[in-house]
Amino acid sequence: MTCEPAQLWSPSDGLSTRVKKLRGEYFSFYERDHFRNEVQAFTTGKPYDTVWAPHQWGVVPEIYMFFDAYRDSLLASASTVKLKAGFRREPLIVRRALFFREVVTKHLPVKILDGELIVGAHFNTALSKTHTKSEAKKYNRRIRKWLREARRLNAAGVGNCGATPGHLIPDYPEVLKTGFSGIHDRLTSQMKNRADAKGRNLLKAMLICCEAAAGFAERCAGEAERLAENEPDEKRAGELRAIALICRKVPWEPAETFHEALQSLWFTHMLVMAAESYPGPGLSYGRIDQYLLPFYRRDVSERKITREDARELLHCWWIKHNYAYDYQGRIGTNQGINSGFGQLITLSGCGPDGEDLTNELTLLMLEVIGEINLLEPKPNIRIHRNTPADFLLKVCELVSMAQGSPFLLNFDEASIRGLKWEGLPVDELWNYAPVGCLENTLQGKDRSGTVDVNVNLAKAVELALNDGRDTATGERLGPATGDPAAFHGFDDFFTAFKKQLSAILDLIIGCNNRADAIRARFEPTPYLSLLVEGCAESGKDITQGGAVHNFLTVQGIGFATAVDSVAAVKKLVYETGQISMPELLRAIRANFEGYEPLRQALLNRAPKYGNDDPAADDIAREVSRFWTEAVFREKSPATAKRYRGGYLSWNYWISYAPSTAATPDGRRRGTFLSNGICAVNGMAAAGPTAAALSAGRLSLETAPNGASHTISLNPTLVRDGEHLEKLAGFLRAYNECGGTALQINMITPDTLRAALENPEDHRNLLVRVTGYNAYFVMLGREIQNEIIARESLNLG
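Here the residue numbering is sequential within each chain, running from 1 through the sequence in written order. The predicted origin of the model limits local features to residues at a pLDDT of at least 70 and limits the giving and counting of side-chain atom pairs to 80 or more, whereas totals for whole chains, interfaces and linings rest on all residues. Only hydrogens and water are set aside; all other atoms, that is, all heavy atoms of the structure, feed into the side-chain values.

## So, the overall build of the protein
Keep this limit in mind: Put simply, DSSP marks the helices as runs of H or I at least four residues long and the strands as runs of E at least two long, and each gets a number from the N terminus on. We compute the radius of gyration from the C-alpha atoms alone; for a globule the expected value is 2.2 Å times N to the 0.38, where N is the number of residues. With a 1.4 Å probe rolled over the protein chains alone, any residue whose accessible area is under 20% of its type maximum counts as buried; one over 50% counts as exposed, and the rest are partly exposed. The contact criterion used is simple: two residues touch if any of their non-hydrogen atoms lie within 4.5 Å. Calculation of accessible area relied on Shrake-Rupley with a 1.4 Å probe; when residues are assessed, cover is drawn exclusively from the protein chains displayed. In this tally Asp and Glu are treated as negative and Lys and Arg as positive; neither His nor the chain ends contributes. Just so you know, the charge point we use is NZ for Lys, CZ for Arg, CG for Asp and CD for Glu.
Counting its secondary structure elements, the protein contains 27 helices and 18 strands. What you see for the protein is a C-alpha radius of gyration of 26 Å, in line with the 28 Å of a compact globule of 796 residues. Judged by the C-alpha coordinates and their principal axes, the protein covers about 85 × 65 × 50 Å. Within the protein, buried positions represent 64% of all 796 residues. Sequence separation of 24 or more characterises 79% of the internal contacts of the protein that already satisfy a separation of 6 or more. With an accessible surface of roughly 27,300 Å², the protein has 50% of that area assigned to carbon and sulfur atoms. Charged side chains in the protein number 94 positive and 95 negative. The centres of these two groups are separated by 8 Å.

Below, the structure is given as structure tokens:
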């Protein structure tokens with residue numbers, strides 16, 4: 001018996017000729033000979049110069065082995081930027097601004113692709129740190145010290161950390177409202193009243209960066225005019241002349257039209273990526289359908305554009321973001337597309353009084369997402385109690401059409417409770433938006449570094465069962481909590497677990513504090529600082545904690561693995577006595593070889609989180625609150641940034657499987673850990689509603705960064721209108737239960753296996769991995785196998 005092939009989400013046949021061409025061109029990386037947005041390095045030419053920082057990539061342990069190669073090859077290929085006399089006598093933050101202005105106004109390539117309406121192409125950079133010889137010596141010494149510890153903790157499976165760029169929402173609405181000219185005027189006024197040298201240097205650097213943005217746009221205007229003069233097609237020539245006029249206006253002046261607003265947004269956004277030398281990591285536009293709405297409404301009402309004109313502009317704007325993946329386009333055979341450079345937009349959500357803010361631009365953008373079938377920018381849909389039924393059904397329809405993968409669904413009530421818990425102003429919380437994958441922040445004033453630290457919660461179980469030592473190497477990682485065989489009861493074991501968890505939190509946070517201090521001292525980013533409220537006022541660069549709100553985030557990995565392990569020990573060792581502690585220890589150290597009956601007892605007779613079972617869920621709540629409250633008491637000594645917790649496992653639940661010993665939930669070493677706040681694979685036997693209830697019982701306000709929950713549903717769930725209504729009902733129930741973020745894969749394991757066998761026919765197959773989506777055939781085999789292993793469920 002053969003199954004009908006799955007209907008994969010694909011680009012719409014209704015895309016305009018222009019958009020089809022531009023979209024196809026993006027996917028032709030290997031065939032393009034006229035334009036590739038590959039990383040371009042720029043150096044001062046000094047032998048001690050640095051253009052690449054390993055701590056910015058420290059949360060990607062898969063590439064630790066390539067750090068030296070990246071550093072050396074980028075420096076070797078870097079173009080030397082000629083700088084004016086006296087450059088090195090300037091303070092570091094001014095040097096950074098001067099170098100940035102020189103690169104974007106003279107060196108960064110300017111390319112306008114045939115037919116495009118939104119311009120600005122090259123933004124993948126590796127910019128000089130502009131250090132003096134003395135600064136470079138100190139910087140490199142600190143980097144080496146940080147990297148030694150980061151490698152040690154990563155190899156042991158404790159976790160990873162790094163001073164990660166991006167992951168914030170710049171104040172884009174301010175640029176649209178006043179332009180960089182308005183920001184320049186404000187900074188100039190502040191300069192007159194600033195007496196301290198540090199504050200004046202920051203303002204000087206910001207003013208230089210305002211000029212840099214204007215200078216880059218002017219170069220694009222000149223290129224558009226040059227192309228127009230040689231363009232035989234009068235219609236295209238007219239478009240190029242219009243583009244030139246727009247580029248001479250924005251982002252320096254306020255935007256007035258929808259086209260100008262989109263172009264201003266793109267210029268401002270792409271230059272953030274260039275300034276941070278890391279393309280698009282979690283960089284978010286925030287609530288774009290809210291602040292772009294006046295431009296759209298005015299142009300449509302005044303008949304300057306039609307809805308179809310706006311749709312095509314949005315299609316063109318959408319495509320631009322995907323060129324972030326040209327950064328590593330020659331690596332492997334997948335054009336570099338791996339979700340590592342994700343950017344985000346947020347649609348819908350509530351207003352200050354709980355009212356719904358869905359509007360006509362929300363709906364248009366929803367249509368564009370369904371038509372364009374691209375990875376970036378990733379859309380987040382905010383859902384709340386007053387979300388209109390018809391809008392929620394539209395979301396469900398698109399989820400069903402697109403295998404569920406395009407969307408991250410964020411739930412307002414629980415998310416807002418978390419932001420209130422961490423102390424953000426209550427009257428501003430309604431206007432939050434996620435960055436990165438699902439991490440909640442405020443727009444334009446909040447630098448809540450959202451993937452700085454990733455800690456393996458399941459490692460604490462291993463250490464509690466081995467007196468604080470790594471089972472494989474014998475290395476001491478935690479305190480001596482004693483021989484588990486001598487524990488008098490469950491309380492002793494749980495206390496040991498908590499002590500070990502506290503110890504590894506101290507280790508990984510301490511390592512991250514060093515990375516945070518390096519960035520604060522040696523890597524100011526004045527262009528980004530001028531786009532974040534508080535920096536100019538405080539006199540501190542954004543890397544130094546200058547924003548109004550500043551946090552660093554610890555993400556929990558292997559949560560359900562840890563919870564199920566604790567629950568199994570409590571039930572089978574201490575309550576029923578079915579398994580003795582010495583026997584459990586022997587089985588774990590043997591990786592369950594020769595202990596299969598015991599392993600089956602652990603798998604099948606112990607409570608499992610994710611099934612609405614208080615025996616497991618109460619432990620889950622206590623574990624979650626214990627570690628998230630613990631990290632909230634921590635601060636970075638260099639910047640005074642508070643730490644906060646969240647659950648976003650990225651790929652680490654796979655990466656740390658080999659370095660985490662067998663666990664008392666029946667998992668063997670090397671088997672995947674659990675992902676986000678999901679149940680362990682195959683253990684959510686009671687269905688998605690029970691899984692939602694378990695998630696809601698965690699009291700997720702103490703994890704204000706967000707809690708990734710990915711479920712896989714069978715496509716038969718949405719086979720007709722009645723079942724779409726059931727899905728909508730489930731989403732409303734999830735909100736009421738108290739979950740914060742949900743991702744859905746609506747696909748069968750058979751379709752995924754078919755994609756493995758025939759990847760060319762499944763290039764459009766997008767799936768949700770955790771808080772991010774990715775093209776399935778471009779993922780690594782281990783992640784592919786993990787996604788296949790997830791169970792496809794029905795709601796009934």
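## Here's the deal with the confidence of the model for the protein
Threshold: Each residue carries a pLDDT score, the predictor's own confidence in it, on a scale running from 0 to 100.
Per-chain confidence: the protein averages 93 in pLDDT, with 95% of residues scoring 70 or above. For residues 1-5, every residue scores under 50 in pLDDT, and the model assigns this stretch zero contacts once sequence neighbours within four places are set aside.

## Here's the deal with helix H22 (residues 614-632)
Put simply, the rule reads: Here, expected helix span is obtained from the residue count minus one, scaled by 1.5 Å. Whenever a nitrogen or oxygen atom comes within 3.5 Å of another N or O atom, the pair is scored as a polar contact, on the condition that within protein one atom can donate a hydrogen and the other can accept it, and that pairs from neighbouring residues in sequence are kept only if both atoms are in side chains.
Between the first and last C-alpha of H22 there are 26 Å, a value that for 19 residues agrees with the 27 Å anticipated at 1.5 Å per step. With a side-chain oxygen lying 3.0 Å from the backbone nitrogen of Ala615, the N-terminal cap of H22 falls on Asp613.

## Thoughts on the environment of Pro425
In this fold, Pro425 is placed in the loop between helix H14 (412-421) and strand S9 (433-435). A relative accessible area of 26% means that Pro425 is categorised as partly exposed. Taking C-alpha positions, Pro425 is 48 Å from Ile588, a pair spaced 163 residues apart along the chain. Sequence-distant contacts of Pro425, that is, excluding residues within four places in its chain, are made with Leu442 and His549.

## Examining the pattern of salt bridges
Basically, it comes down to this: When a carboxyl oxygen of Asp or Glu lies within 4 Å of a side-chain nitrogen of Lys or Arg, that pair is called a salt bridge.
Under the criterion given, the structure shown has 48 salt bridges. Note that Glu312 is salt-bridged to Arg18, the shortest N-O span being 3.3 Å. Here the residue Glu312 occupies a position in helix H11 (residues 307-321), and Arg18 occupies one in helix H1 (residues 17-26), the gap between them amounting to 294 residues. Accessibility classification places Glu312 together with Arg18 in one group, the buried group. The salt bridge partner of Lys320 is Glu116, with a shortest N-O separation of 3.0 Å. Of the two residues, Lys320 is situated in helix H11 and Glu116 in the loop between helix H3 (92-107) and strand S3 (125-127); the sequence distance between them amounts to 204 residues. Of the two residues examined, Lys320 and Glu116, each falls in the buried class. Members of the salt-bridge network, linked through shared partners, are Arg307, Glu308, Arg311, Glu367 and Glu371.

## Comments concerning the nonpolar core
Inclusion rule: In this description, a nonpolar core means a group of buried Ala, Val, Leu, Ile, Met, Phe, Trp, Tyr and Cys residues linked to one another through side-chain atoms lying within 4.5 Å.
Counting 250 residues, the largest nonpolar core has Phe258, Leu292 and Tyr527 as the members making the most contacts within it. Leave out the neighbours within four places in its chain, and Tyr527 touches Phe100, Phe180, Cys209, Ala213, Phe267, Thr268, Leu271, Val272 and Ala275. Counting residues in hydrophobic clusters, the runner-up holds seven residues, among them Leu419, Tyr432, Phe551 and Phe632.

## Here we look at the packing of helix H26 (residues 749-757) against helix H27 (residues 781-789)
For the record, the criterion: Fitted lines through C-alpha atoms give the axes, limited to the stretch in contact for helices. The angle between two N-to-C directions lies from 0 to 180 degrees. To sort the angles, those under 35 degrees are grouped as roughly parallel, those over 145 as roughly antiparallel, those from 65 to 115 as roughly perpendicular, and the leftovers as oblique. Helix crossings get a hand from a simple test, with the near helix turned counterclockwise from the far one by less than a right angle marking a left-handed crossing and a clockwise turn marking a right-handed one.
Where H26 meets H27, the axes come as close as 9 Å, and the angle between the chain directions of the two elements is 160°. Taken together, H26 and H27 sit at an angle that is classed as roughly antiparallel. Between H26 and H27 the crossing geometry is left-handed. Contact residues: Pro749, Leu752, Arg753 and Leu756 in H26; Arg781, Gln784, Asn785, Ile787 and Ile788 in H27.

## Concerning the sheet that holds strand S4 (residues 159-161)
Note the following rule: Each pair of strands is called paired provided DSSP finds at least two bridges between the two strands.
Pairing is mixed across the open sheet formed by four strands, whose spatial order is S4-S11-S12-S13. The open sheet is flanked by S4 and strand S13 (642-646), the only strands paired with a single partner. Recorded for the sheet is a direction-independent mean angle of 30° between the axes of neighbouring strands. In this sheet, S13 lies alongside strand S12 (residues 549-557) in parallel orientation, the contact comprising five bridges. Within the sheet, the bridge partner assigned to Phe551 lies in S13 and is Arg642. Against the sheet, H22 engages S12 and S13, with an angle of about 160° to S13.

## Comments concerning the packing of aromatic side chains
This is how it is decided: Working definition: a ring pair exists when centres of Phe, Tyr or Trp rings (six-membered ring for Trp) sit within 6.5 Å. Plane angles under 30 degrees give stacked, over 60 give edge-to-face, the rest tilted.
Taken as a whole, this structure holds 36 aromatic pairs when the rule is applied. A ring pair is formed by Phe100 and Tyr527, whose centres lie 5.2 Å apart and whose planes are at 40°; its orientation type is tilted. One end of the pair, Phe100, is in helix H3; the other, Tyr527, is in helix H17 (residues 526-529), and 427 residues separate them in sequence. Ring centres 6.1 Å apart and planes at 25° place the aromatic pair Phe180 and Tyr527 in the stacked group. Placement of Phe180 in helix H5 (residues 172-192) and of Tyr527 in helix H17 is noted, with a sequence separation of 347 residues between them. Considered together, Phe180 and Tyr527 belong to a single accessibility category, that of buried residues. Among the aromatic side chains, those forming a connected cluster through ring pairs are Trp52, Trp57, Tyr64, Phe66, Phe67, Tyr70, Tyr278, Tyr325, Tyr327 and Phe341.

## Let's talk about the packing of helix H15 (residues 457-464) against helix H19 (residues 559-575)
Rule in force here: Charged means Asp, Glu, Lys or Arg here, nonpolar means Ala, Val, Leu, Ile, Met, Phe, Trp, Tyr, Cys or Pro, and polar covers whatever is left, Gly included.
Two numbers describe how H15 lies on H19: the axes approach to 6 Å, and their chain directions differ by 35°. Here Leu457, Ala458 and Val461 of H15 come into contact with H19, specifically with Phe559, Thr561, Ala562 and Ser565. Class assignment of the residues belonging to the contact of H15 with H19 gives a composition of five nonpolar, two polar and no charged.

## Remarks on the pairing of strand S8 (residues 408-411)
Burial along S8 is two-sided: the residues Leu408 and Asn410 and Leu409 and Phe411 are all buried. Pairing geometry for S8 and strand S15 (residues 741-746), over three bridges, is antiparallel. Residue Asn410 lies in a different strand from S15, and its bridge partner there is Ala741.

## Some details on the environment of Thr346
For Thr346, the position within the fold is in strand S6 (residues 343-348). The exposure class of Thr346 is buried, given its relative accessible area of 0%. Once the C-alpha coordinates of Thr346 and Ile288 are considered, the two residues, 58 residues apart in sequence, prove to be 6.3 Å apart. Those residues within four positions of Thr346 in sequence are excluded, and the remaining contacts are Gly286, Arg287, Ile288, Asp289, Asn380, Arg382, Ala433 and Pro434.

## A word on the environment of Ile504
For Ile504, the location among the structural elements is in helix H16 (residues 490-522). Between the C-alpha atoms of Ile504 and Asn456, which are 48 residues apart in sequence, the distance is 8.6 Å. Discounting chain neighbours no more than four positions away, the residues touching Ile504 are Val158, Val455, Asn456, Lys459, Ala460 and Leu463.

## Points about the pairing of strand S14 (residues 708-713)
In terms of burial, S14 is a largely internal element, six of the six residues being buried. The alternating pattern of S14 places Ser708, Thr710 and Ser712 and His709, Ile711 and Leu713 on opposite faces, both of which are buried. Inspection of the sheet shows S14 paired to S15 by six bridges, in the parallel sense. Note on S15: the bridge partner recorded for Thr710 is Gln743.

## Here we look at unusual backbone geometry
Pro251 follows Val250 through a cis peptide bond whose omega is 10°. By secondary structure assignment, the location of Pro251 is in the loop between helix H7 (234-249) and helix H8 (258-276). The residue Ser348 is not glycine, and still its phi comes out positive at about 65°. The topology assignment puts Ser348 in strand S6. You will see that Ala640, though not glycine, has its phi angle at about 65°, which is positive. Along the chain, the position of Ala640 falls in the loop between H22 and S13. A relative accessible area of 48% places Ala640 in the partly exposed class.

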